[in-house]
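Below are the chains, spelled out letter by letter.
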Amino acid sequence: MKLPITIEYMDGSQQTYTAQPPEWAKWEKLTGHIISQAQEKIGIADLLFLAYHAMKREIAGKPVKPYETWCETVAEVTVGDNNPKVTNPEA
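Cut-offs applied
- Residues numbered from 1 in each chain as written.
- Predicted model: local features only at pLDDT ≥ 70, side-chain atom pairs only at ≥ 80, totals over all residues.
- Heavy atoms only, no water.
- Core = buried A, V, L, I, M, F, W, Y, C linked by side-chain atoms within 4.5 Å.
- Buried < 20%, exposed > 50% of the residue type's maximum accessible area, 1.4 Å probe, protein only.
- Helix = DSSP H or I, 4+ residues; strand = E, 2+ residues; numbered from the N terminus.
- Contact = heavy atoms within 4.5 Å.
- Salt bridge = Lys/Arg side-chain N within 4 Å of Asp/Glu carboxyl O.

**Q** Looking at this structure, I do not really get the nonpolar core. What am I missing?
**A** It is characteristic of soluble globular proteins that their nonpolar side chains tend to be buried jointly. I5, I7 and W70 are the most contacted members of the largest nonpolar core, which totals 21 residues. Those elements giving two or more residues to this core turn out to be β1 (3–9), β2 (14–19), α1 (21–31), α3 (44–58), α4 (67–71) and β3 (74–79). Ranked by residue count, the leading element in this core is α3, at eight residues. Excluding its chain neighbours within four sequence positions, the residues that come into contact with I5 are Q15, T16, Y17, A19, L47, L50, A51, V77 and T78.

**Q** Looking at this model, I keep getting lost on the pattern of salt bridges. Mind explaining?
**A** When the charged atoms of two side chains lie near each other, side chains of opposite charge can form a pair. Inspection of the entire model under this criterion finds two salt bridges. In this structure, R57 engages E23 in a salt bridge whose closest nitrogen and oxygen atoms are separated by 2.8 Å. One end of the pair, R57, is in helix α3; the other, E23, is in helix α1, and 34 residues separate them in sequence. Classification of R57 by relative accessible area gives partly exposed; the value is 32%.

Listed below in structure tokens is the structure:
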């Protein structure tokens, strides 16, 4: 499951990170939930966790702020694509 999460920072900049299986595995281990429960169990803290770990993977070992410090720089969290596509066959 790939989940794009857009983070808007306090300085107005935005970055989209895509949570992929490595991040979901960490989330499952941390929360005790399975990925099929994500839609009903996921909250803002979970989205921040997934985005942070996706960011760490995407920047490939470059230094990053500690999680708590990074969270303090976040102003807004948006889930999904900016232009979502209709995928429901009934739509």
